[in-house]
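# Fold and geometry: a report
As a plain string of letters, each chain reads:
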Amino acid sequence: MTDDAMVRVLIVDDEAGLRRSLARILAARGFSVEMAEDGDRAIELLEQNEPEVILCDLMMPKMGGFEVLEHTKRTHPRVEVVMMTAHADVDSAVAAVKSGAYDFLTKPFASNDAVALAVSKAADHKRLVERAARLEERLVAHERFGELVGTSGKMQAVYRLIEGVASATSTVLILGESGTGKELVARAIHQHSARADRPFVPVNCAAIPKELVESELFGHVRGAFTGAQSARTGLFEAGNSGTLFLDEVGDLPLAAQVKLLRALQDGEIKRVGSDETRFVDVRVLAATNVDLQQRIADGTFRRDLYYRLNVIPIHVPPLRERDDDIVLLTHHVLQKLARRMGRAPKRVSAEAMEALRAYAWPGNVRELEHAVEHAFVLATGERIELGDLPQMAQQAPSSSRDGRDTDVAEVPRAGLPGLAALAGSMEPQAPHVRFDLFALPYAEAKRRAMKAFDDGYVREVLSRSGGNLSAAARHAGLDRSNFRRIVKRRKTAE
Ligand SMILES: Nc1ncnc2c1ncn2[C@@H]1O[C@H](COP(=O)(O)OP(=O)(O)OP(=O)(O)O)[C@@H](O)[C@H]1O
């Protein structure tokens, strides 16, 4: 719906003459009008073809205006209601406004324009509220884009693709194991596209019962099947002018695949039970963690649909192929948890971080999130220790990745580990040092940098003094007991 689309108004009044003259007044001013002679019919029309504004008489036999108002606000809170009442009953009209009506008009009306003005103000209000809701959604979505964490080469490649495809309207197929962040990638594409302030509609195709998939996606008319008591708009229409994200697309039943292909090729849909073709402008992003080629071979996925979806594929790498991102992701999750639980942030011991990096994460980032939450809740101190991690992550062999310590302390022997050297430790010339110091919170980074300094300094000075503690202390310009304390502190920190 665009802002200059026709405003749909439902007139509810038991007086046929008044109903018709109101309809004429509003239709002449460009409104699209429907009429109901009583409350029951009004509710029926509300369900069938949701209007934007209801112009409703307060006093009606059977179901009164109050009941229509109450039902509307409960089931369709964004539909605005303008009440009509006789002069003598202004108190009831005021009560109706207190119960959620947007405005009221007293009969006889001051002028035809006054009626049209009240209805169009109500419609403007509705559109403003919806616009605000969309902006809020966009803000939330933007925060989520901020959540796509990772600096590894493989994630950089994903970011480049996101930016590259965002401005196009082509279908994108996002491939990757469960929990790798496919939905975050889809949101990021939407967020970077020209549709960013339009709806982003995520659908988990695997979670919809097979017999309801088509009606969920394309909508249905009243009576289309048992239980279809009222007409319903499908998700394609809900996502009109926005983005529809079909997660687990490999699980779509074959019949729905045919309809999806049609929608992708021609932008045409039909509600279940209707022959009327509707046109939609939806960008489709799809994701799957199953092998669609295999499904094609099995005969459960259409080859033509596969080619149509796979115009641009994006592969989201599993976490085990980007273990450099684990440190960053762990701290990101810890910060989120601390904020969510209103608790102080926690650090992670070198040993625990080593285990986190060594584990293979078959459940990817989702599993990492759960493991870090487990540890955050169980850790009694301000630091997460190895024992706080779930059993599985604790057991990862520390030698699983080239058998080297990943602590920043392992700086090259030549030269002292000043900050520049530590920063350099992320560079290829020190490939065995894989700790990203700048990914850590300040206090943790400083602690590690200090420890690294102590380690490098003590080791080098001791080595130059042939392992003689007194000579090394003299070299360092410290008395023997102070130097010894530093050596000891270094050992206990290991
Ligand atoms: N790169 C990332 N940075 C930050 N958080 C991430 C990242 N990737 C995934 N997550 C988080 O991991 C969880 C799973 O992500 P998401 O739902 O996007 O995965 P998915 O690949 O769509 O999973 P599935 O295939 O099971 O639907 C979410 O809580 C998400 O916020």
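The shown structure was predicted, so the numbers you read here are calculated from the model rather than taken from an experiment.

Here the structure, examined in full by the defined rule, presents 29 salt bridges. Between R262 and E268 there is a salt bridge; the shortest N-O distance is 2.6 Å. Relative accessible area serves as the criterion here: at 36%, R262 is assigned to the partly exposed category. With a relative accessible area of 17%, E268 lands in the buried category. Among the ionic pairs, R302 bridges to D304, the shortest N-O distance being 2.8 Å. Bridged by salt links that share partners, the residues E237, R271, E276 and R278 form one connected network.

Side chains of residues three or four places apart in an α-helix project in the same direction, reflecting 3.6 residues per turn. The element helix α14 (residues 350-358) is largely enclosed, with a buried count of 7 among its 9 residues. Those residues of α14 lying buried are A352, M353, E354, A355, L356, R357 and A358. In this structure, the buried residues of α14 make contact with α13 (325-341), β13 (347-348), α15 (364-378), β14 (383-384) and α16 (391-394).

Right, let's get into the side chain of H220. Inspection of the secondary structure puts H220 in the loop between α8 (213-218) and α9 (235-238). In this structure H220 comes out as buried when scored by relative accessible area, which is 6%. Polar side-chain contacts of H220 include one of 3.1 Å to the backbone oxygen of S230.

Reading across the sheet, the 5 strands line up as β7-β8-β11-β6-β12 and stay open at both edges, with parallel pairing between neighbours. The open sheet has two edge strands with one neighbour each: β7 (200-204) and β12 (312-315). Mean inter-strand twist for the sheet, computed between neighbouring axes without regard to direction, equals 20°. Relative to strand β11 (residues 283-288), strand β6 (residues 172-175) is paired through 4 bridges, and the arrangement is parallel. The residue bridging I174 from the neighbouring strand is A287, located in β11.

This part covers the nonpolar core. If you look at soluble globular proteins, the nonpolar side chains tend to sit buried side by side. By size, the foremost hydrophobic cluster in this structure holds 31 residues, and its most contacted members are L217, F236 and L246. Counting residues per element, this core draws most heavily on helix α10 (residues 254-266), which supplies 5 residues. With near-sequence residues (within four places) excluded, L217 lies in contact with V203, G234, L235, F236, L246 and L252. Within the second largest apolar cluster, 26 residues are counted, among which are V333, A375, A379 and L389.

Moving on, we come to the confidence of the model for the protein. Residues at a pLDDT of 70 or more form 85% of the protein, whose mean pLDDT is 83. Ranking the elements of the protein by mean pLDDT puts helix α17 (residues 419-424) last, at 34, and β6 first, at 97. Here residues 398-435 is modelled with pLDDT under 50, and outside its nearest four sequence neighbours on either side it reaches 72 contacts, counting other chains as well. The ipTM value of the predicted complex is 0.98, and its pTM value is 0.57.

What follows covers the UniProt feature "modified residue: 4-aspartylphosphate" (unreviewed entry) in the protein. According to UniProt, the positions carrying the feature "modified residue: 4-aspartylphosphate" (unreviewed entry) are D57. Looking at the secondary structure, you find D57 in strand β3 (residues 53-57). Among all residues touching D57, those that are not within four sequence positions of it are V12, D13, D14, G65, M83, M84 and K107.

This brings us to α13. The end-to-end C-alpha distance of α13 is 24 Å, a good match for the 24 Å that 17 residues give at a rise of 1.5 Å each. Listed in full, the buried residues belonging to α13 are D325, I326, V327, L329, T330, H331, H332, V333, L334, L337 and A338. Buried residues along α13 sit against α6 (153-166), β13, α14, α15 and β14. After α13 finishes, the residue G342 shows a positive phi value of roughly 60°.

What counts, and at which threshold
- Residues numbered from 1 in each chain as written.
- Predicted model: local features only at pLDDT ≥ 70, side-chain atom pairs only at ≥ 80, totals over all residues.
- Heavy atoms only, no water.
- Salt bridge = Lys/Arg side-chain N within 4 Å of Asp/Glu carboxyl O.
- Buried < 20%, exposed > 50% of the residue type's maximum accessible area, 1.4 Å probe, protein only.
- Helix = DSSP H or I, 4+ residues; strand = E, 2+ residues; numbered from the N terminus.
- Contact = heavy atoms within 4.5 Å.
- Polar contact = N/O pair within 3.5 Å; in protein donor to acceptor, adjacent residues only side chain to side chain.
- Pairing = 2+ DSSP bridges.
- Axes fitted to C-alpha atoms, helices over the stretch in contact; angles between N-to-C directions.
- Core = buried A, V, L, I, M, F, W, Y, C linked by side-chain atoms within 4.5 Å.
- pLDDT = per-residue confidence, 0-100.
- UniProt positions renumbered as here; feature names shortened; annotations may be inferred.
- Expected span 1.5 Å × (residues − 1).

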